[in-house]
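As a plain string of letters, each chain reads:
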Amino acid sequence: SHPTYLVPVPTTPSALVTSPNAQDLGDLARAFTSQPHLSEHTRAAYRQDLQQWLLWCAEQDLHPLAARRPNVERWVDELAHGYAPGTVARRLGTVRGWYGYLQDQGMVQGNVAARVKGPRVPNVSPTPGLSREQAQALLAAADVAGPRDAVVAGLLLLCGLRASEVGNLDADS
């Protein structure tokens, strides 16, 4: 894979507010994916998604700040041939977020991904969840095991937290 600093120089500099060098672009990508309000899981997903976009741009000899809506649409179309709709939608959401961040930083004049249509994603997950009886049995078993297990099971089941999120909690959380 190509590191972020190998992203080529802009081919249409007039599209840019400023023309950051590749190191600055890498710093912007790292700043976006390191925002303090994001969970580590979200940061990792953003890094992966943004890396996919930046690599695709490099392969197209396209500076990410010179990209236009048709470029993003083509990338989304290509992703749709190899990934599930939910993955494509998440990656597009990351790229939208990054261009929004760049716009806030004064690096671009508009968000080229803002109006790109993503794939339809079902409102209901195809992954089956626990039945009511299974959930009740889990909570009862955790309660018998002790207060710590009861809290962990409750956070996982009732709050919808990921196991990694629960594992990273501390007393202040």
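Residues numbered from 1 in each chain as written. Predicted model: local features only at pLDDT ≥ 70, side-chain atom pairs only at ≥ 80, totals over all residues. Heavy atoms only, no water.

Asks: Any chance you could break down the overall build of the protein for me, citing the residues and the numbers?
Replies: For the protein, the helix and strand inventory stands at 7 helices and 0 strands. Going from N to C terminus, the protein has its helices and strands arranged as α-α-α-α-α-α-α. Each of the 173 residues in the protein was classed as buried or not, and the buried ones make up 32%. Taking as baseline every contact in the protein between residues at least 6 positions apart, the subset at least 24 positions apart corresponds to 53%. For the protein, the exposed surface amounts to about 10600 Å²; the carbon and sulfur share of it is 53%. (Helix = DSSP H or I, 4+ residues; strand = E, 2+ residues; numbered from the N terminus. Buried < 20%, exposed > 50% of the residue type's maximum accessible area, 1.4 Å probe, protein only. Contact = heavy atoms within 4.5 Å. Areas by Shrake-Rupley, 256 points an atom, 1.4 Å probe, with all protein chains shown as cover.)

Asks: Give a detailed account of the environment of Glu73, specifying residues and quantitative values.
Replies: Within the element layout of this structure, Glu73 appears in helix 3 (residues 69-80). Linking Glu73 and Lys117, residues 44 residues apart in sequence, is a C-alpha distance of 7.7 Å.

Asks: Hey, could you go over unusual backbone geometry for me, with residue numbers and the actual values?
Replies: The backbone of Asp61 shows a phi angle near 55 degrees, a positive value even though the residue is not glycine. For Asp61, the position within the fold is in the loop between helix 2 (40-59) and helix 3. Classification of Asp61 by relative accessible area gives partly exposed; the value is 48%.

Asks: So what's going on with the side chain of Thr33? Residues and values would help.
Replies: Residue position: Thr33 is located in helix 1 (residues 22-33). Taking relative accessible area as the criterion, Thr33 reaches 3% and is therefore assigned buried. Here Arg30 takes part through its backbone oxygen, which lies 3.3 Å from a polar atom of the side chain of Thr33. Those residues within four positions of Thr33 in sequence are excluded, and the remaining contacts are Leu38, Arg43, Tyr46, Arg47 and Leu50. (Polar contact = N/O pair within 3.5 Å; in protein donor to acceptor, adjacent residues only side chain to side chain.)

Asks: With reference to specific residues and values, describe the nonpolar core.
Replies: Trp53, Val72, Trp98, Tyr99 and Leu102 are the most contacted members of the largest nonpolar core, which has 29 residues in total. For this core, the element with the most residues is helix 4 (residues 85-104), which contributes 7 residues. (Core = buried A, V, L, I, M, F, W, Y, C linked by side-chain atoms within 4.5 Å.)

Asks: An account of the pattern of salt bridges is needed here, citing residue identities and associated values.
Replies: Going through the model one piece at a time under the given rule, you end up with 8 salt bridges. When the shortest N-O distance is used, the salt bridge between Glu40 and Arg43 registers 3.8 Å. Placement of the pair is Glu40 and Arg43 together in helix 2, with a separation of 3 residues, close to one helical turn. With a relative accessible area of 43%, Glu40 lands in the partly exposed category. Arg90 is the salt-bridge partner of Asp49, the closest N and O atoms lying 2.6 Å from each other. (Salt bridge = Lys/Arg side-chain N within 4 Å of Asp/Glu carboxyl O.)

Asks: Let's hear about the packing of helix 2 against helix 3: which residues, and what values?
Replies: One way to put it is that helix 2 packs onto helix 3 with a least axis distance of 11 Å and a crossing angle of 115 degrees. One element, helix 2, and the other, helix 3, form an angle in the roughly perpendicular class. Here helix 2 and helix 3 pass one another in a crossing that is right-handed. Contacts between helix 2 and helix 3 involve Asp49, Gln52, Trp53 and Trp56 on the former and, on the latter, Asn71, Val72, Arg74, Trp75, Glu78 and Leu79. By residue class, the composition of the contact of helix 2 with helix 3 is 5 nonpolar, 2 polar and 3 charged. (Axes fitted to C-alpha atoms, helices over the stretch in contact; angles between N-to-C directions. Parallel < 35°, antiparallel > 145°, perpendicular 65-115°, else oblique. Left-handed = near helix turned anticlockwise from the far one by under 90°. Nonpolar A, V, L, I, M, F, W, Y, C, P; charged D, E, K, R; others polar.)

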